[in-house]
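Summary of the model geometry
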Amino acid sequence: MIQKQTGFILPSVLGFLVMISIIFMAVVQLVGNNITLTNSNIQSQKAFNIAEAGINYYLWHLSHNPTDYKDGQSTPATQDPQLGYGPYVHNYIDDNAKTQGTYTLWIKPQGGGSTVVKIRAIGQVANTNIKRTIDAQIGAPSFASYAVVSDTALWFGNTESANGPIHSNQGVRMDGASNSDVTSTNATYVPPSNLGGDGSSKPGVWCHASITSPVNCNTRNKSDWRYPVTSIDFNVVSSSLCTMKKVAFLSDASTASIAAQSNACSQTPNDRTDAYLPQRSSSGSFTTNRGYMIELNPTGTYNLWQVNGENDRNTPYTSALTRVSVANNIAIPASGVIFVEDNVWVRSNPTFHGRVTIAAGRLASSSQNTEVTIIDDLLYTAKDGSDAIGLVAENSVTISPYAPPASGAFNFEVNAAMIAQSGPVNYPSRYRSVNTCTRGWVNGNQTFTFYGSVATRQSWTWTWFMGGSCGDAAFSATNGYISGILNNTTQYDYNLLYNPPPSWPVTSTYNVLSWREVLTGP
């Protein structure tokens, strides 16, 4: 007998519908989660882009205001020890004039003359709590980015070597050894006769085919000789001297108000401070053999003398200079800048520890250009970037004829970054006191090592080939009569690349040196 069966299909259908509903709800939830995740990723990327815009903004800002670390504001007065100055909040507005969020900036200068600035940018999307943070280091190359940079032609002889980048706005004859870029603004130039020329046009960087030792001109690697390249603008040095003078004024309460005056750089106060040395005569009289002697100490201080006369045929500096002591153990200003309204003679005692820029200029006069003269060894306590000496002269930076030992074996050494605004950086070919050739040293055990950076508006050389018997020039069987030190090395201090002496003038705009995302909050 067949019996009727009821209620079997309905539970099956209901179960099927429940299963479908569960699957549907799971799919809906998955899709919703994906949409939420996608939107979150979009918003997170937007926050990152906003933070990146903050870095780019301050890169632009520093390129136009290289010493403004407060985003154009006056507060805060002091830095946060970790983050620097800030917070400075900016709206991020898109191309449709719609505010998409904000970026918050913290700016921390490295200090000590460094052009490196650490920027933290925190990007936040509008109406959300979504944030991304980027840290970047920004820096600008300065005149200390080269072993030697000149506005005129350069010549490295085969007894001279260059360690570090070399640049000339005219051209370079490189007969000596070099281990870095050698560049010229010109594709070709006609070297002057006193800098290795014969009246014919030469490539922007070249060597003479007759030079085969110690580097063979014909077979040497020339891959790092580049020309033409962008020129270096030496006109910025003039404005930088003015800036240094204002920095010196700001270092002391007695002169701080002068720095704000529109004609600050033509002001010549008579009072001496740790950062400002006035011109020797209030009436404005000026001679090349009067000024100040600064002796830099290993304790981060300096000793000061007035110089009343110089006979540069005498040796050493204690005999060559007529001087009167002014003060000892004067503290290097916190700014690191000493501005001298007169000539300067400088040495270390016996080494210097610290960071200082000594600038010499009579900015109130157009006819009295000051000089900086190195009168003895000028040495750092350590060559690790913690020590830096900057020498800036309105006219020339000179190594005096009495700076090296008079005779015997020696390794004379100068550690410094140097800039001559309108004159040369050199060992002179003639004495100041008498018109005759300066002394020379030609023996293999008489050497000169320069460690630092040279920037010169005119010529640069440590050696002169005199062509014949002349004054105190020394005779070399190979090179004839020589004034200066025949065997010398110019070695670039790579610590200066983005960490030059205080208030050093820059040669180009700021660049991003490094960046990373910070995964934790500030």
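Observations regarding the overall build of the protein chain
The helix and strand tally for the protein chain stands at three helices and 34 strands. In summary, the protein chain has a C-alpha radius of gyration of 32 Å against a globular reference of 24 Å for 522 residues, an excess of more than 25%. Expressed along its principal axes, the backbone C-alpha trace of the protein chain runs to roughly 145 × 60 × 40 Å. Among the 522 residues that make up the protein chain, the fraction classed as buried is 50%. Charged side chains in the protein chain number 30 positive and 32 negative. The centres of these two groups are separated by 5 Å.

Side note on the packing of aromatic side chains
Tallying each qualifying case throughout the model produces 18 aromatic pairs. Relative to Phe 448, the ring of Phe 412 has its centre 5.2 Å away and its plane inclined at 25 degrees; by these criteria the two rings are stacked. With Phe 412 in strand E25 (residues 410-420) and Phe 448 in strand E28 (residues 446-456), this residue pair connects regions lying 36 residues apart in the sequence. Each member of the pair, Phe 412 as well as Phe 448, carries the same accessibility label: buried. Plain terms: the ring middles of Phe 450 and Trp 462 are 5.5 Å apart, the flat faces sit at 40 degrees to each other, and that makes the pair tilted. Pair noted here: Phe 450 is in strand E28 and Trp 462 is in the loop between strand E29 (460-461) and strand E30 (463-465), with a separation of twelve residues, a long-range link. Three or more aromatic residues joined by ring pairs form one cluster here, namely Phe 156, Phe 412, Phe 448, Phe 450, Trp 460 and Trp 462. Above the face of the Trp 206 ring, Lys 202 is positioned so that its terminal group lies 4.9 Å from the ring centre. Taking the ring centre of Tyr 451 as reference, the NZ or CZ of Lys 383 above it sits at 4.6 Å.

Section: the sheet that holds strand E34 (residues 511-518)
Spatially, the five strands line up as an open sheet ordered E1-E2-E3-E4-E34, and their pairing is antiparallel. Looking at the sheet topology across the chains shown, the edges are occupied by strand E1 (85-93) and E34. Ignoring which end each strand starts from, the neighbouring axes of this sheet average 25 degrees apart. Across seven bridges, strand E4 (residues 131-139) lies against E34 in antiparallel orientation. Residue pairing for E34: Gln 137 is matched across the bridge by Ser 514.

Thoughts on the pattern of salt bridges
What the rule picks out here adds up to 16 salt bridges. Two residues, Lys 383 and Glu 413, come together in a salt bridge whose shortest N-O distance is 2.6 Å. Taken together, the residues Lys 383 in the loop between strand E22 (372-374) and strand E23 (388-393) and Glu 413 in strand E25 connect sequence positions 30 residues apart. Note on Lys 383: relative accessible area 43%, which makes it partly exposed. The exposure class of Glu 413 is buried, given its relative accessible area of 14%. Among the charged side chains, a salt-bridge network with shared partners connects Lys 118, Arg 120, Asp 135 and Arg 516.

So, how was this worked out
Residues numbered from 1 in each chain as written. Predicted model: local features only at pLDDT ≥ 70, side-chain atom pairs only at ≥ 80, totals over all residues. Heavy atoms only, no water. Helix = DSSP H or I, 4+ residues; strand = E, 2+ residues; numbered from the N terminus. Rg over C-alpha atoms; globule rule 2.2 N^0.38 Å. Buried < 20%, exposed > 50% of the residue type's maximum accessible area, 1.4 Å probe, protein only. Lys, Arg positive; Asp, Glu negative; His and termini not counted. Charge placed at Lys NZ, Arg CZ, Asp CG, Glu CD. Phe/Tyr/Trp six-rings, centres within 6.5 Å; stacked < 30°, edge-to-face > 60°. Lys NZ or Arg CZ within 6 Å of the ring centre and 35° of its normal. Pairing = 2+ DSSP bridges. Axes fitted to C-alpha atoms, helices over the stretch in contact; angles between N-to-C directions. Salt bridge = Lys/Arg side-chain N within 4 Å of Asp/Glu carboxyl O.

Any link to function would need more than the numbers given here.
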